[in-house]
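Tertiary structure, described
Each chain, written out:
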Amino acid sequence: MTADRSLRARAGAGSARRILRSLVLLPLFGLLAGCNLVVMQPSGDIAMQQRNLVLASTGLMLLIIVPVIVLTLLFAWRYRASNTAARHDPDWDHSTGLEVVIWTAPLMIIIALGALTWISTHTLDPFRPLSRIEPGKPVAANVKPLEVQVVALDWKWLFFYPEYNVATVNELAAPVNRPIQFKITASSVMNAFYVPALAGMIYAMPGMQTQLHAVINKAGEYEGLSSHYSGSGFSRMTFKFHGLEGDGFDQWVAKVKQQGSDLTRDAYLELERPSERVPVTYYSSFADGLFDKIVGMCAVPGKMCMHEMMAIDAKGGAGKESRENAERLQYDNRHTQRGDEPPGATTPASHRAPKSESPDADKTHEGSGQGHSAPDQTNN
């Protein structure tokens, strides 16, 4: 009798401990409320279509996954060792009906996924101009897309607005419900332009121009970032994207013109130096053809542009005279020639202590590295 009471007491204590642990863990679920699932709750039509594609693909795959899980549990319960009433047929080895179900269902789902992928690949092609602003609202014939030229620098973002002749660093803005055409490149190493609320990730590569067509449907402030590792300042390579309603975008352009300075070619070469934690910077104008020179990898004076080199190659090469072009085509060593930190440098190549060992190291070496301070990039 005493032993039974002791066992019941221990069992009760164990149950109480389990309940207490559950109650302690319960508040932790509240922390999940702070998660920003922007990819699943976007504010742009392209990102919304991509979200729907993810949900549709997941749903189609669950048509197989869920029944398999359920049947696995059902079979384990039905044919457990203690269930002597379950049918035992050790000589069974084939069922045409089961084979048809097992192979037909996955085949139909694969066909559906293939059709969905083919259609969405063409519909959501980033080079394809938008056909609609949102569901049921096609793009008007007289609407001109806003062109934004994007340059991934080390380690900040430069945005040109050719229509307004203004440029910004680490701040992007666009009117609500107006198509945006992004032209994207990089100054040195490969990067990736990504605004999760707007559209998918698009790579930025030196010497090349990629594109992205998108639209923002809701006013607000959204996060933009680099989603491809590009060196020691990668984690701080972020920017704000503003979706503006009414005359908000025109007011923003006016502010940029009022507070900005001129982005000359020399100013760009100074801006292009590797630097971190660069504040938002405005430019009221920029040099003609600067973006094209960045794409052509000839923003540095004396360098040969990509189209010039390709024209020479198309003619069969320059022969012996091509040796004179060798120095004009050397581009990747420009940072080290100026004494700057290489874009992809990490410890110890960056000459800085690991951040985990020296919390103040990034403050000491903020900017271009190797003892060089970051250029003055505050608003004027």
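Residues numbered from 1 in each chain as written. Predicted model: local features only at pLDDT ≥ 70, side-chain atom pairs only at ≥ 80, totals over all residues. Heavy atoms only, no water.

Let's talk about the overall build of the protein chain
Along the backbone of the protein chain there are 9 helices and 14 strands. Residues classed as buried in the protein chain amount to 38% of the 380 residues present. Carbon together with sulfur atoms contributes 61% to the accessible area of the protein chain, which is approximately 22,000 Å² in total. (Helix = DSSP H or I, 4+ residues; strand = E, 2+ residues; numbered from the N terminus. Buried < 20%, exposed > 50% of the residue type's maximum accessible area, 1.4 Å probe, protein only. Areas by Shrake-Rupley, 256 points an atom, 1.4 Å probe, with all protein chains shown as cover.)

Considerations on the pattern of salt bridges
On inspection of all chains with the given rule, the structure shows 8 salt bridges. Of the charged contacts in the structure, one is a salt bridge between Asp89 and Arg87, with a shortest N-O distance of 3.4 Å. Asp89 sits in the partly exposed class, given a relative accessible area of 34%. Arg87 gets classed as exposed once you look at its relative accessible area, which sits at 66%. The closest approach of N and O atoms between Arg178 and Glu163, which form a salt bridge, is 3.0 Å. (Salt bridge = Lys/Arg side-chain N within 4 Å of Asp/Glu carboxyl O.)

Some thoughts on the nonpolar core
With 42 residues, the main nonpolar core has Tyr161, Phe182, Phe193 and Phe241 as its most contacted residues. Only β3 (146-152), β4 (157-161), β6 (171-175), β7 (180-186), β9 (202-204), β10 (210-214), β12 (238-244) and α4 (248-259) provide two or more residues apiece to this core. Sequence-distant contacts of Phe182, defined by excluding residues within four places in its chain, comprise Val148, Val150, Leu172, Phe193, Leu198, Thr210, Gln211 and Leu212. If you look at the next biggest cluster of nonpolar residues, it comprises 19 residues, including Val151, Leu263, Tyr268 and Phe286. (Core = buried A, V, L, I, M, F, W, Y, C linked by side-chain atoms within 4.5 Å. Contact = heavy atoms within 4.5 Å.)

Considering the side chain of Glu171
Its place among the elements puts Glu171 in strand β6. Put simply, Glu171 is tucked away with no salt bridge, and the nearest opposite charge, on Lys255, sits 4.6 Å away. Contact partners of Glu171, with chain neighbours within four places excluded, come to Phe159, Phe239, Lys240, His242, Trp252, Val280 and Tyr282. (Lys, Arg positive; Asp, Glu negative; His and termini not counted.)

Looking at the sheet that holds β10
With mixed pairing, the 7 strands of this open sheet are ordered in space as β10-β7-β3-β4-β5-β14-β13. Bordering the open sheet on either side are β10 and β13 (261-263), each of which pairs with just one other strand. Across the sheet, the mean angle separating the axes of adjacent strands is 30° when strand polarity is ignored. One ladder, built from 3 bridges, connects strand β5 (residues 166-169) with strand β14 (residues 281-286); its direction is antiparallel. Within the sheet, the bridge partner assigned to Thr168 lies in β14 and is Tyr282. In the packing of α4 onto the sheet, contacts are made with β3, β4, β5, β13 and β14, and the angle to β14 comes to roughly 85°. (Pairing = 2+ DSSP bridges. Axes fitted to C-alpha atoms, helices over the stretch in contact; angles between N-to-C directions.)

Considerations on the sheet that holds strand β11 (residues 220-226)
Strand order in the open sheet made by the 5 strands is β6-β12-β11-β8-β9, with mixed pairing throughout. Either end of the sheet is taken by a strand with one partner, and the two such strands are β6 and β9. Across the sheet, the axes of successive neighbouring strands diverge by a mean angle of 25°, strand direction being ignored. With 2 bridges connecting them, strand β8 (residues 191-194) and β11 associate as antiparallel partners. Among the inter-strand pairings, Phe193 is bridged to a residue of β11, identified as Ser226. Running at roughly 145° to β6, α4 makes contact with β6 and β12 of the sheet.

Some remarks on the packing of helix α2 (residues 45-78) against helix α3 (residues 96-123)
α3 packs onto α2 with a crossing angle of 170° between their chain directions and a minimal axis gap of 9 Å. When the axes of α2 and α3 are compared, the pair comes out roughly antiparallel. Together, Gln49, Leu53, Ala56, Ser57, Leu60, Met61, Leu63 and Ile64 of α2 and Ala105, Pro106, Ile109, Ala112, Leu113, Leu116, Ser120 and Thr123 of α3 make up the contact between the two elements. Classifying every residue of the contact of α2 with α3 gives 12 nonpolar, 4 polar and no charged. (Parallel < 35°, antiparallel > 145°, perpendicular 65-115°, else oblique. Nonpolar A, V, L, I, M, F, W, Y, C, P; charged D, E, K, R; others polar.)

Description of the packing of aromatic side chains
Within this structure, the stated rule accounts for 15 aromatic pairs. Between Phe75 and Tyr79 the ring centres are 5.8 Å apart and the planes differ by 55°, which places this aromatic pair in the tilted class. With a relative accessible area of 46%, Tyr79 lands in the partly exposed category. Taking the centre distance of 5.8 Å and the plane angle of 25° together, the rings of Phe249 and Trp252 count as stacked. (Phe/Tyr/Trp six-rings, centres within 6.5 Å; stacked < 30°, edge-to-face > 60°.)

Thoughts on the environment of Ser230
For Ser230, the position within the fold is in the loop between β11 and β12. The buried category is assigned to Ser230, whose relative accessible area is 4%. As for Ser230 and Ser188, which are separated by 42 residues in sequence, their C-alpha atoms are 9.4 Å apart. A distance of 3.0 Å separates a polar atom in the side chain of Ser230 from a polar atom in the side chain of Asn191. (Polar contact = N/O pair within 3.5 Å; in protein donor to acceptor, adjacent residues only side chain to side chain.)

Some remarks on a nonpolar patch on the surface
A surface patch of nonpolar side chains, about 620 Å² in accessible area, is lined by Met61, Leu62, Ile65, Val66, Ile69, Val70 and Leu73. Mapped onto the fold, Val70 is located in helix α2. Owing to a relative accessible area of 47%, Val70 belongs among the partly exposed residues under this scheme. (Patch = residues over 30% accessible without salt bridge, like charges linked within 9 Å, V, L, I, M, F, W, Y side chains within 5 Å.)

Describing α4
The terminal C-alpha atoms of α4, which comprises 12 residues, lie 16 Å apart, in line with the 16 Å expected from a rise of 1.5 Å per residue. Gly248, Phe249, Trp252, Val253 and Val256 are the residues of α4 that are buried. Projected down its long axis, α4 carries its buried residues within an arc of 140°, all on one side. In this structure, α4 carries Gln251 and Gln258 as exposed residues pointing more than 90 degrees from its buried face. Next to the buried residues of α4 lie β3, β4, β5, β6, β12 and β14. (Expected span 1.5 Å × (residues − 1). Arc of directions from axis to C-beta.)

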